[in-house]
Amino acid sequence: MTKNLFEAAAVDEVKRRMAQLRPDSERLWGKMNAAQALAHCSVAMGMAMGEVRPPRILLGRLLGPLAKKSVIVNGTPMRRNSTTEKSAVVTDERDFVVERQRLRESIDRFAAGGPGICTTHPHFFFGPLTPVEWATLMYQHLDHHLRQFQV
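What this report covers is the structure whose coordinates are included nearby. In this numbering scheme, every chain counts its residues from 1 along its sequence in written order. Residue-level local features of this predicted model are given only where pLDDT is at least 70; pairs of side-chain atoms are given and counted only at 80 or more, and the full residue set underlies all totals for whole chains, interfaces and linings. Hydrogens and waters are ignored; side-chain quantities use all the structure's heavy atoms.

1. Quick word on the overall build of the chain
Rule in force here: Runs of E in the DSSP output that reach at least two residues are strands. Runs of H or I that reach at least four are helices, and both are numbered from the N terminus. Note that the radius of gyration is over C-alpha atoms, with the globule rule given as 2.2 Å times the number of residues to the power 0.38. Working definition: with a 1.4 Å probe on protein chains only, accessible area under 20% of the residue-type maximum means buried, over 50% means exposed, and in between means partly exposed. Residues are treated as being in contact if the distance between any of their heavy atoms lies within 4.5 Å. Counted as positive: Lys and Arg. Counted as negative: Asp and Glu, with His and the chain ends omitted from the count. For the purpose of locating charges, the reference atoms are NZ of Lys, CZ of Arg, CG of Asp and CD of Glu.
Summing up its helical and strand segments, the chain has five helices and zero strands in all. In the chain, the succession of helices and strands from N to C terminus is α-α-α-α-α. The C-alpha atoms of the chain give a radius of gyration of 14 Å, which matches the 15 Å a tight globule of 151 residues would have. Going through the 151 residues of the chain one by one, you find that 49% of them count as buried. In the chain, once contacts between residues fewer than 6 apart in sequence are set aside, the share between residues at least 24 apart is 87%. Of the side-chain charges in the chain, 21 are positive and 15 negative, and the distance between the mean point of each set is 7 Å.

Structural data, given as structure tokens:
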């Protein structure tokens, strides 16, 4: 069974790993520094809660169902340099401490809100998701970026 952010143990694990992240942590791939990655993850959490509602993209309509099965159902880790929605790209400089706290608060709000906090708006790539699928995707996405910085 794939981990998800409705499970207290998964939330604790993510927070413990986030605590190991440093402003100068070296990335293994991508362009974002640690603070930018934290801000990016907060935007993604906002998507799961319906605060950000990007439209579906053609590539997602074509490949989304296959990728959904791999990442969300089977728990295959997200690939390096995966598709990023435009509104979630962070290029400006961010305050690491502020962004880490903001992400912690987003994770707590999501976990406490349970299934009812999840949007019914389709994911830009994967399409319609159930609340448990959103919670699984959010765990997978956070894991992806924590692995990016070796934590």
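Structure's up, so let's keep going.
2. Structural notes on the packing of aromatic side chains
Heads up, the rule is: A pair of Phe, Tyr and Trp rings is counted when the ring centres sit within 6.5 Å of each other, with Trp represented by its six-membered ring. The angle between the planes then sorts it: under 30 degrees is stacked, over 60 is edge-to-face, the rest tilted.
The tally for this structure, following the rule as stated, stands at three aromatic pairs. Centroid distance F125 to F126: 5.3 Å. Interplanar angle 90 degrees. Geometry classified as edge-to-face. On the basis of relative accessibility, which here comes to 9%, the residue F126 falls in the buried class. An aromatic cluster of three or more residues is present, and its members are F124, F125 and F126.

3. A short note on unusual backbone geometry
One non-glycine residue with positive phi stands out, namely N81, at about 55 degrees. For Q150, which is not glycine, the phi torsion reads 60 degrees and is therefore positive. Mapped onto the elements, Q150 comes out in the segment after α5 (131–148).

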